[in-house]
Amino acid sequence: MTADLIDGKALAADLRARVADAAAAFETACGRKPCLRVLLVGDHPASQAYVRSKERAAHRSGLDSTVERLSAETGQAALLARIAALNADGGVDGILVQLPLPARIDPEAVIAAIDPAKDVDGFHPVNAGRLMTGLGTPLVPCTPYGCLLLIRKALGTASLAGRTAFVLGRSNIVGKPLALLLLAADATVTIGHSRTADPACLARRADILVAAAGRPHLVGADWVKPGAVIIDVGINRIPTEDGKGRLVGDVDIASVRPIAGSVTPVPGGVGPMTIAVLLRNTVLAAAARNGVSIADPAEGL
Ligand code: NAD
């Protein structure tokens, strides 16, 4: 048996096409495109690449998207003032502050300053709280929601209810919100982290295994239940002989493929979904803020 590869590029392209339809419907109703503003402080190379990809994808799906590049010397007060201005601007639907921020800026204070109705990253405590309490919010964190859509795709018509899931990683950005999304979908969820004793043993019981530890090739064959769905969130650069380095996930894909049912590749799995969900969140934020009724582009994907 060889596990199927779950094609994140194809699923993301489907979602982006649905977002484009929703953005066009919004423009017909409101006379303008859904508007996303991305704030980037400093010149972190990976962040530069991420915001460029986000802007390109947003334009292709018919969104109005601009990256505001602020100098590396920008202080917290100046950044908070810029966020306050974007909060007050009725023509702006979504605000994203690219992380990580320079060490002198408190990311929690910055996230808390964003209007929850414009919080397209879904990190604001109000949106995180709504996810946790089951009140519901369309503005859920992009990478975890992308993982949930990939899991649903891999399961096909089968339900998540009654399945066991193991999420490796407990960050506020990936592990915790993904565990909550899986719980809301009626899976039975275990969370592992750096202090978990024998995570491989817990993982081996899971129908769904998500690796979000940021440790290259940590997850091998001895972590995998036969037939499991494996989602690899990790993005790790490892050295190569030519000095350029290579991106690998947290999963040793060659060793898990003979056992698992399906697995996401790196690259081409979770990464493209993260951006597509950001665009979906922006369109839904625009619709909600302007009283326009638009179906969730991710519904029935
Ligand atoms: P993080 O460093 O904030 O959290 C890592 C988590 O993994 C922590 O909870 C830690 O306890 C756990 N962990 C670390 N080492 C471990 C080990 N040896 N055993 C068990 N648990 C361990 O990272 P993050 O922001 O949650 O990101 C995780 C990974 O996902 C990174 O590789 C990151 O680059 C990647 N990522 C990818 C996307 C994407 O779009 N594909 C988005 C966000 C993050």
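The structure presented is a predicted model; accordingly, all values stated were derived computationally and were not measured.

Thresholds applied
- Residues numbered from 1 in each chain as written.
- Predicted model: local features only at pLDDT ≥ 70, side-chain atom pairs only at ≥ 80, totals over all residues.
- Heavy atoms only, no water.
- Near = heavy atom within 4 Å.
- Polar contact = N/O pair within 3.5 Å; in protein donor to acceptor, adjacent residues only side chain to side chain.
- Areas by Shrake-Rupley, 256 points an atom, 1.4 Å probe, with all protein chains shown as cover.
- 1 Å grid on protein atoms, 1.4 Å probe; cavity = no way out; pocket = protein on both sides within 12 Å on 5 of 7 lines; lining within 4 Å.
- Sits in = over half its atoms within 2 Å of the grid points.
- Nonpolar A, V, L, I, M, F, W, Y, C, P; charged D, E, K, R; others polar.
- Axes fitted to C-alpha atoms, helices over the stretch in contact; angles between N-to-C directions.
- Helix = DSSP H or I, 4+ residues; strand = E, 2+ residues; numbered from the N terminus.
- Parallel < 35°, antiparallel > 145°, perpendicular 65-115°, else oblique.
- Left-handed = near helix turned anticlockwise from the far one by under 90°.
- Contact = heavy atoms within 4.5 Å.
- Domains from an automatic or database assignment.
- Pairing = 2+ DSSP bridges.
- Expected span 1.5 Å × (residues − 1).
- Buried < 20%, exposed > 50% of the residue type's maximum accessible area, 1.4 Å probe, protein only.
- Right-handed = clockwise from strand over helix to strand, strands pointing away.

**Some details on the site of the ligand**
Then, in step 1: Taken together, 20 residues are adjacent to the ligand, and Arg170, Ser171, Ser194, Ile235 and Thr274 come closest.
Then, in step 2: The contact in question runs from an oxygen atom of the ligand to an N or O atom on the backbone of Val233, over 3.4 Å.
Then, in step 3: Between the ligand and Thr274 there is a distance of 2.8 Å, counted from an oxygen atom to a side-chain nitrogen or oxygen.
Then, in step 4: Against a free-state accessible area of 860 Å², the protein chains account for coverage of 72% of the ligand.
Then, in step 5: According to the grid-proximity analysis, the pocket containing the ligand is the largest pocket.
Then, in step 6: Partitioning the shell around the ligand into residue classes produces 8 nonpolar, 10 polar and 2 charged.

**A few points about the packing of helix 6 (residues 142-155) against helix 7 (residues 175-184)**
Then, in step 1: Two elements in contact, helix 6 and helix 7, have axes separated by 8 Å at closest approach and are oriented at 40°. One element, helix 6, and the other, helix 7, form an angle in the oblique class. Judged by the twist between their axes, the crossing of helix 6 over helix 7 is right-handed. Across the interface between the two elements, Pro144, Tyr145, Cys147, Leu148 and Ile151 of helix 6 pack against Pro177, Leu178, Leu181 and Leu182 of helix 7.
Then, in step 2: Of the residues in the contact of helix 6 with helix 7, the class split is 9 nonpolar, no polar and no charged.

**Focus on the domain arrangement of the protein chain**
Accessible area lost when the parts come together is the quantity often used to give the size of an interface.
Then, in step 1: Under the domain assignment used here, the protein chain contains domain 1 (29-115) and domain 2 (142-271).
Then, in step 2: The C-alpha-based centres of domain 1 and domain 2 are spaced at 29 Å.

**Concerning the sheet that holds strand 4 (residues 94-97)**
Then, in step 1: Sheet architecture is open: 3 strands sit in the order 3-2-4, paired in parallel fashion. Pairing within the sheet leaves two strands with one partner each, and these edge strands are strand 3 (64-70) and strand 4. For this sheet the average axis-to-axis angle between neighbouring strands, irrespective of direction, equals 15°.
Then, in step 2: Pairing of strand 2 (residues 35-41) with strand 3, which is carried by 7 bridges, proceeds in the parallel orientation. Bridge pairing in strand 3 links Val38 to Val67.
Then, in step 3: Packed on one face of the sheet, helix 3 (residues 76-88) meets strand 2, strand 3 and strand 4 and runs near 180° to strand 2.

**Examining helix 10 (residues 270-289)**
Then, in step 1: Its 20 residues give helix 10 an end-to-end C-alpha distance of 28 Å, which sits within 8% of 28 Å, the value for a rise of 1.5 Å per residue.
Then, in step 2: Where burial is concerned, most of helix 10 is hidden: 16 out of the 20 residues are buried.
Then, in step 3: Just downstream of helix 10 lies Gly291, where phi reads positive at about 65°.

**Here we look at the pairing of strand 2**
Then, in step 1: The buried fraction of strand 2 amounts to 7 of the 7 residues, a majority that puts the element mostly inside the structure.
Then, in step 2: On strand 2, burial covers both faces: Cys35, Arg37, Leu39 and Val41 on one face and Leu36, Val38 and Leu40 on the other are all buried.
Then, in step 3: Of the crossover connections in this fold, the one passing from strand 2 over helix 2 (residues 45-60) to the parallel strand 3 is right-handed.
Then, in step 4: Both strand 2 and strand 4 contribute to a ladder of 4 bridges, which runs parallel. The residue bridging Val38 from the neighbouring strand is Leu96, located in strand 4.

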